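# Descriptive structure summary
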Amino acid sequence: MNRRLLMLAPLGLVAAGGAGFYAMLRGLGDGSYDPRGVPSALLGRATPAFSLPALEEGAPPLTEAALRGLPAPVLVNFWASWCVPCIVEHPQLMRLAREGVTILGINYKDRPADARAFLQRHGNPFRQLAQDAPGRVAIDWGVYGVPESYLIDRQGIVRWRWPGPVTPEVLEQDIRPLLRRHA
Amino acid sequence: MRRTLSALALALVLASGLSGAARAVGLPSEMLRDPAQEARAREIGRELRCLVCQNQSIEDSEADLARDLRRIVRERVAMGESDRQVMDYVHDRYGDFVLLRPPVTWATALLWGMPVLAVGGGALAILLVRRRRGAVPEAPPLSEAERARLAALEDEAGR
């Protein structure tokens, strides 16, 4: 009896491995598992202090003060005119902005003229726009590629981070519930 | 077959040559003046994962972000920070993922324990197999009748 159980052990191991791989492949398929995804170290923490020049000339700089004591949660979006996935996510940002959600844009390693041209062509969903040409503030936030979006609650705590474009699915399944929860 | 082999060899040579050339911090403009500080910065950089390419350290990567992180590491080394402080600065921003040698936690226990498990499992298997072999009883010596029969059979075969 004991020996027969032992003979079954490799079969059990293979079955467990198979189940594991199946779960991974499913996760890869529906986007819930990303082996290359870098988990954010900022979740549950206050946004780091920063001060960035505005994209529009003459406008005041954007600082972390804009993210404290707010009437509603805000979305902070790191983007660039040279970033192709940013074009993919743009309609979703426009939709949120039309619905009254505050989106702050941080223009990453870009030329101001290019950034302005991008917004002229695709529309401007950003309540405030800052530029991070050296990319240092992005590093303070743990950004590792554009686009990247952060949801900040009313106290200025980072509640959610999404590396990659905000697709319609991400908008419906992640952002909307989060906006409701932290309203 | 031979052609495949030589192509493979060529590819290997090219790959090794390329990876040599791709060493990102050959650029003098990026290096610190002080060779001791530069060596320290390099040691630190080798421990930090490039978050874009992920299987390279920031010292080996050509990615923009890796270059920025190399610069930050060098700035902080030049400011007189200890290796630990510089690592903490980057770790604070990018979490455990940025460390090429992840800390031992519950989440990484299996990863770190795997070599012990593998060697231990192998040793256990060898032990079990050897014990089973040892357990096979020695054949008892032939009895008088058996010996006679064996001689008879050998005789018959020899004839």
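What counts, and where the lines are drawn
- Residues numbered from 1 in each chain as written.
- Chains lettered and ligands numbered in written order.
- Predicted model: local features only at pLDDT ≥ 70, side-chain atom pairs only at ≥ 80, totals over all residues.
- Heavy atoms only, no water.
- Helix = DSSP H or I, 4+ residues; strand = E, 2+ residues; numbered from the N terminus.
- Rg over C-alpha atoms; globule rule 2.2 N^0.38 Å.
- Buried < 20%, exposed > 50% of the residue type's maximum accessible area, 1.4 Å probe, protein only.
- Areas by Shrake-Rupley, 256 points an atom, 1.4 Å probe, with all protein chains shown as cover.
- Lys, Arg positive; Asp, Glu negative; His and termini not counted.
- Charge placed at Lys NZ, Arg CZ, Asp CG, Glu CD.
- Expected span 1.5 Å × (residues − 1).
- Arc of directions from axis to C-beta.
- Contact = heavy atoms within 4.5 Å.
- Pairing = 2+ DSSP bridges.
- Right-handed = clockwise from strand over helix to strand, strands pointing away.
- Core = buried A, V, L, I, M, F, W, Y, C linked by side-chain atoms within 4.5 Å.
- Patch = residues over 30% accessible without salt bridge, like charges linked within 9 Å, V, L, I, M, F, W, Y side chains within 5 Å.
- Salt bridge = Lys/Arg side-chain N within 4 Å of Asp/Glu carboxyl O.
- Domains from an automatic or database assignment.
- Disulfide = S-S within 2.5 Å.
- 1 Å grid on protein atoms, 1.4 Å probe; cavity = no way out; pocket = protein on both sides within 12 Å on 5 of 7 lines; lining within 4 Å.
- Points joined across faces, edges and corners; volume = space filled by probe spheres on them.
- Nonpolar A, V, L, I, M, F, W, Y, C, P; charged D, E, K, R; others polar.

Once that is clear, we can look at the overall build of chain A. Within chain A, the regular secondary structure consists of five helices and seven strands. For chain A, the succession of helices and strands along the chain, N to C, is α-β-β-β-α-β-α-β-α-β-β-α. Taken against the 2.2 N^0.38 rule, which gives 16 Å for 183 residues, the C-alpha radius of gyration of chain A at 21 Å runs more than 25% over that of a compact globule. Dimensions of chain A, computed from C-alpha atoms along their principal axes, come out at roughly 80 × 30 × 30 Å. For chain A, buried positions account for 45% of its 183 residues. Roughly 9800 Å² of accessible area belongs to chain A as shown, and the carbon and sulfur atoms make up 60% of that amount. Across chain A, the 20 positively charged side chains and the 16 negatively charged ones have centroids separated by 8 Å.

To continue, consider helix 4 (residues 83–94) of chain B. Between its first and last C-alpha atoms helix 4 of chain B spans 17 Å; for 12 residues at 1.5 Å apiece the expected length is 16 Å, and the two agree. Regarding helix 4 of chain B, the residues found buried are B:Val86, B:Met87, B:Tyr89, B:Val90, B:Arg93 and B:Tyr94. Buried residues of helix 4 of chain B, viewed axially, fall in a sector of 150°; they line one side. Buried residues along helix 4 of chain B sit against helix 4 (136–141) of chain A together with helix 2 (35–46) and helix 3 (64–78) of chain B.

A few words on the pairing of strand 4 (residues 102–108) of chain A. All names here are of chain A. For strand 4, a buried count of seven out of seven residues is recorded, marking the element as mostly surrounded by other parts of the structure. Burial along strand 4 is two-sided: the residues Thr102, Leu104, Ile106 and Tyr108 and Ile103, Gly105 and Asn107 are all buried. Examined bridge by bridge, strand 3 (residues 74–79) and strand 4 share six bridges and lie parallel to one another. Its bridge partner being in strand 4, valine 76 is matched across the sheet by leucine 104. Tracing the backbone out of strand 3, into helix 2 (residues 84–98) and back to the parallel element strand 4 gives a crossover that is right-handed. Sheet topology places strand 4 next to strand 5 (residues 128–132); five bridges connect them, and they run parallel. Residue pairing across strands places leucine 104 opposite glutamine 128, the latter belonging to strand 5.

Take the nonpolar core next. Among the nonpolar cores identified, the biggest contains 68 residues, and A:Val76, A:Phe78, A:Trp141, A:Tyr150, A:Ile175, B:Leu48 and B:Tyr94 are the most heavily contacted of them. The dominant element in this core, judged by the number of residues it contributes, is helix 3 of chain B, at six residues. Ignoring anything within four residues of it in the chain, the contact list for B:Tyr94 reads A:Val38, A:Pro39, A:Ala41, A:Ala138, A:Ile139, A:Gly142, A:Val143, A:Tyr144, B:Leu51, B:Leu65 and B:Leu69.

The topology assignment puts B:Arg71 in helix 3. Along the backbone, B:Arg71 and B:Leu100 are 29 residues apart, and their C-alpha atoms lie at a distance of 18 Å.

All names here are of chain A. A contiguous nonpolar surface patch, about 500 Å² in accessible area, is contributed by Phe21, Met24, Leu25, Leu28 and Tyr33. Along the chain, phenylalanine 21 falls in helix 1 (residues 2–30). Exposure remark for phenylalanine 21: the relative accessible area of 57% places this residue in the exposed category.

This paragraph deals with the domain arrangement of chain A. By a frequent convention, interface size equals the accessible area lost on bringing the separate parts together. Partitioning chain A into structural domains gives domain 1 (1–35) and domain 2 (51–181). A straight line from the C-alpha centre of domain 1 of chain A to that of domain 2 of chain A covers 40 Å.

On to the state of the cysteines. Residue and element names in this part refer to chain A. Counting across every chain of the model gives one disulfide over all chains. The side chain of cysteine 83 participates in a disulfide bridge whose partner is cysteine 86; the two sulfur atoms lie 2.1 Å from each other. On the sign convention where negative is left-handed, the bridge of cysteine 83 and cysteine 86, at about 90° about the S-S bond, is right-handed. This pair shows no difference in class: cysteine 83 is buried, exactly as cysteine 86 is.

What follows is about the layout of surface pockets. Here the largest pocket defines a volume of roughly 460 Å³. Around the largest pocket, the lining comprises 18 residues; the ones closest to its centre are A:Gly31, A:Ser32, A:Asp34, A:Trp162 and A:Pro163. For the lining of the largest pocket, the secondary structure elements donating two or more residues are strand 7 (158–163) and helix 5 (168–181) of chain A. Among the elements that make up the lining of the largest pocket, the one with the highest residue count is helix 5 of chain A (four residues). Residue composition of the lining of the largest pocket, grouped by class: seven nonpolar, six polar and five charged. Approximately 380 Å³ is the volume found for the second largest pocket. It is helix 4 of chain B that contributes the most residues to the lining of the second largest pocket, three residues altogether. Two domains each provide a minimum of three residues to the lining of the second largest pocket, namely domain 1 (2–98) and domain 2 (104–137) of chain B.

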